[in-house]
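Results of the structural survey
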Amino acid sequence: MARTVQMQVRLEPELKAQSEKVLSQLGLKPTEFIRMSLRQLVMRKGLPFDARIPNAETIDALEEPAERLKRLPSARAVFSHLEAASDADQEDR
């Protein structure tokens, strides 16, 4: 077996419990997840996920109240709604 070193991490108990629950559902132990994440960090020579500061439009969308969002009954209705909006946008040009 390869020689290993120990790494200690301090975090909030609730975060630990929530993350362990998700990892358990995936069949992973926290140590395995950390090892995988660190291997990806090394392979990519950077974070293994996008770490961006959202622009103003994204922040506004995230803060938009859920009650203002339109609910549609089916995927077909979503595409019809998008096509109508696109047609209206084309007419405005």
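Residues numbered from 1 in each chain as written. Predicted model: local features only at pLDDT ≥ 70, side-chain atom pairs only at ≥ 80, totals over all residues. Heavy atoms only, no water.

1. Structural notes on the overall build of the chain
Counting its regular elements, the chain contains four helices and zero strands. Put simply, the chain runs from its N terminus to its C terminus through helices and strands in the order α-α-α-α. Once the C-alpha set of the chain is aligned to its principal axes, its extents read approximately 65 × 30 × 25 Å. Every one of the 93 residues in the chain was classed for burial, and the buried ones make up 2%. (Helix = DSSP H or I, 4+ residues; strand = E, 2+ residues; numbered from the N terminus. Buried < 20%, exposed > 50% of the residue type's maximum accessible area, 1.4 Å probe, protein only.)

2. A short note on a negative patch on the surface
A surface patch of like charges, here negative, comprises Glu-83, Asp-87, Glu-91 and Asp-92. By secondary structure assignment, the location of Asp-87 is in helix 4 (residues 75–92). (Patch = residues over 30% accessible without salt bridge, like charges linked within 9 Å, V, L, I, M, F, W, Y side chains within 5 Å. Areas by Shrake-Rupley, 256 points an atom, 1.4 Å probe, with all protein chains shown as cover. Salt bridge = Lys/Arg side-chain N within 4 Å of Asp/Glu carboxyl O. Lys, Arg positive; Asp, Glu negative; His and termini not counted. Charge placed at Lys NZ, Arg CZ, Asp CG, Glu CD.)

3. A few points about the environment of Phe-49
Tracing the backbone through its elements, the reader meets Phe-49 in the loop between helix 2 (30–44) and helix 3 (56–63). C-alpha of Phe-49 to C-alpha of Ser-37: the two residues are 12 residues apart in sequence and 9.8 Å apart in space.

4. Looking at unusual backbone geometry
Positive phi, close to 55 degrees, is recorded for Lys-45, a residue that is not glycine. Considering the arrangement of structural elements, one finds Lys-45 in the loop between helix 2 and helix 3.

5. Looking at helix 1 (residues 13–25)
Across its 13 residues, helix 1 extends 19 Å between first and last C-alpha, which sits within 8% of the 18 Å expected from 1.5 Å per residue. Positive backbone phi, approximately 80 degrees, marks Gly-27, located one or two places after helix 1. (Expected span 1.5 Å × (residues − 1).)

6. Here we look at helix 2
Here helix 2 contains 15 residues, and its C-alpha end-to-end distance of 21 Å stays within 8% of the 21 Å for a straight helix at 1.5 Å per residue. Downstream of helix 2 by one or two residues, Lys-45 has phi in the positive range, about 55 degrees.

7. Thoughts on the pattern of salt bridges
If the charged atoms of two oppositely charged side chains come close together, the side chains can form a pair. Tallied over the entire structure, the rule returns two salt bridges. Put simply, Arg-52 and Asp-50 hold a salt bridge, and the shortest N to O gap is 3.2 Å.

8. Considering a nonpolar patch on the surface
Judged by side-chain polarity, Met-7, Val-9, Leu-11, Leu-15, Phe-33, Ile-34, Leu-38, Leu-41, Val-42, Leu-47 and Phe-49 come together as a nonpolar surface patch covering roughly 1000 Å² of accessible area. Examining the composition of the nonpolar patch, we find that five residues originate from one element, helix 2, more than from any other. Mapping Leu-15 onto the fold places it in helix 1. Judged by its relative accessible area of 43%, Leu-15 falls in the partly exposed class.

9. Focus on the confidence of the model for the chain
On average, residues of the chain score 89 in pLDDT, and 98% of them are at 70 or above. At the low end of the mean pLDDT range in the chain sits helix 3, at 85; at the high end sits helix 1, at 96. (pLDDT = per-residue confidence, 0-100.)

10. Some points on the environment of Arg-44
Looking at where Arg-44 falls in the secondary structure, it is placed in helix 2. Exposure remark for Arg-44: the relative accessible area of 53% places this residue in the exposed category. When the C-alpha atoms of Arg-44 and His-81 are compared, they prove to be 40 Å apart, with 37 residues separating the residues in sequence.

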